[in-house]
Amino acid sequence: MDHTAHQQHEHVDHAHHGAGVSWRTAAQATLHCLTGCAIGEVLGMVIGTAAGLHNAATVVVSIALAFVFGYALTMRGVLRAGLPVRQALKVALAADTVSIVVMELIDNTVMVGVPGAMDAGLSQALFWVSLAGSLALAFVLTTPVNRWMIGRGKGHAVVHAYH
């Protein structure tokens, strides 16, 4: 790690331990994660629904794609900062895994829990309203998790040295 990156890393470590993490920082990290998750989640739900997959299979496809797109967005940024692919993947795994897991638990629980949402067709408002609501709830409930993790130098905090 070069001197500037080390200074940035130290700044992140000292500035984010404890309650010093702003809700804005946590919301930005969550929004970044939500973007990748939403792309994968929507694509998975669309693929599963259009292909007539069973609800469980649709959820599995959605979760898998949420992880792929969530990690890919983080990797894109750190690869631009000059990290090799293997190290970029490690950073993405450290930065996003907990956030994606929490988001996916919330999102898919809502989608499965809303009566008829998983069985609604792509042309039905119930499907899209449920999906949008599940993603919004996932954002609201994951933001405090990300704030807590960043405050301990974990999660999205590991990416800050590369921005």
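In what follows, the structure referred to is the one given above.
Residues numbered from 1 in each chain as written. Predicted model: local features only at pLDDT ≥ 70, side-chain atom pairs only at ≥ 80, totals over all residues. Heavy atoms only, no water.

Draft legend 1. Region of the structure containing the overall build of the protein. Within the protein one finds five helices and zero strands. For the protein, the sequential pattern of α-helices and β-strands runs α-α-α-α-α. Once local pairs closer than 6 in sequence are excluded, the contacts in the protein between residues at least 24 apart make up 73%. Accessible area of the protein: about 8300 Å², with a carbon and sulfur share of 69%. (Helix = DSSP H or I, 4+ residues; strand = E, 2+ residues; numbered from the N terminus. Contact = heavy atoms within 4.5 Å. Areas by Shrake-Rupley, 256 points an atom, 1.4 Å probe, with all protein chains shown as cover.)

Draft legend 2. A look at helix H5 (residues 125-150). With 26 residues, H5 should reach 38 Å at 1.5 Å per residue; the first-to-last C-alpha distance of 36 Å fits that figure. At Thr142, H5 is bent by approximately 30°, the largest bend along its length, and proline Pro144 sits one to four residues beyond. Taken as a whole, H5 has its buried residues at Phe127, Ser130, Leu131, Ser134, Leu135, Ala138, Thr142, Thr143, Asn146, Met149 and Ile150. (Expected span 1.5 Å × (residues − 1). Bend = angle between axes of the 7 residues up to and from the residue. Buried < 20%, exposed > 50% of the residue type's maximum accessible area, 1.4 Å probe, protein only.)

Draft legend 3. Region of the structure containing the environment of Ala29. With respect to the helices and strands, the residue Ala29 is situated in helix H2 (residues 23-50). Sequence-wise, Ala29 and Thr142 are 113 residues apart; in three dimensions their C-alpha atoms are separated by 9.8 Å. Each residue touching Ala29, except ones within four places of it in the same chain, is listed here: Asn146, Ile150 and His156.

Draft legend 4. Looking closely at the nonpolar core. Membership of the largest hydrophobic core comes to 28 residues, with the highest contact counts inside it found for Cys37, Met45, Val78, Met103, Met111, Phe127 and Leu131. Those elements that place two or more of their residues in this core are H2, helix H3 (55-80), helix H4 (85-113) and H5. Apart from residues lying up to four places away in sequence, Phe127 is in contact with Met45, Val46, Thr49, Met111, Ala117, Ala120, Gly121 and Leu122. (Core = buried A, V, L, I, M, F, W, Y, C linked by side-chain atoms within 4.5 Å.)

Draft legend 5. Structural detail: the packing of H3 against H4. Contact geometry for H3 and H4: axes closest at 8 Å, N-to-C directions at 145°. For the pair H3 and H4, the crossing hand works out as right-handed. Grouping the constituent residues of the contact of H3 with H4 by class yields 18 nonpolar, five polar and two charged. (Axes fitted to C-alpha atoms, helices over the stretch in contact; angles between N-to-C directions. Left-handed = near helix turned anticlockwise from the far one by under 90°. Nonpolar A, V, L, I, M, F, W, Y, C, P; charged D, E, K, R; others polar.)

Draft legend 6. Spatial organisation of the packing of aromatic side chains. Evaluation of the coordinates by the stated rule reveals two aromatic pairs. Taking the centre distance of 5.8 Å and the plane angle of 50° together, the rings of Phe67 and Tyr71 count as tilted. Remark: Tyr71 and Phe67 occur in helix H3; sequence separation between them is four residues, near one turn of the helix. On the numbers, 4.8 Å between centres and 90° between planes, the contact of Phe127 with Trp128 is edge-to-face. (Phe/Tyr/Trp six-rings, centres within 6.5 Å; stacked < 30°, edge-to-face > 60°.)

Draft legend 7. Expanded view of the packing of H2 against H4. Contact geometry of H2 with H4 gives a least axis separation of 10 Å together with a crossing angle of 45°. Overall, the two elements H2 and H4 adopt an arrangement that is oblique. The element H2 and its partner H4 pack so that their crossing is right-handed. Contacts between H2 and H4 pair Thr30, Cys33, Leu34, Cys37, Glu41 and Met45 from the former with Ser99, Ile100, Met103, Glu104, Asp107, Asn108 and Met111 from the latter. Grouping the constituent residues of the contact of H2 with H4 by class yields seven nonpolar, three polar and three charged. (Parallel < 35°, antiparallel > 145°, perpendicular 65-115°, else oblique.)

Draft legend 8. Geometry of the environment of Leu135. Along the chain, the position of Leu135 falls in helix H5. A sequence separation of 25 residues divides Leu135 from Val110, and the C-alpha atoms of the two residues are 8.9 Å apart. With sequence-adjacent residues up to four places away left out, Leu135 is seen in contact with Leu34, Ala38, Glu41, Val42 and Asp107.

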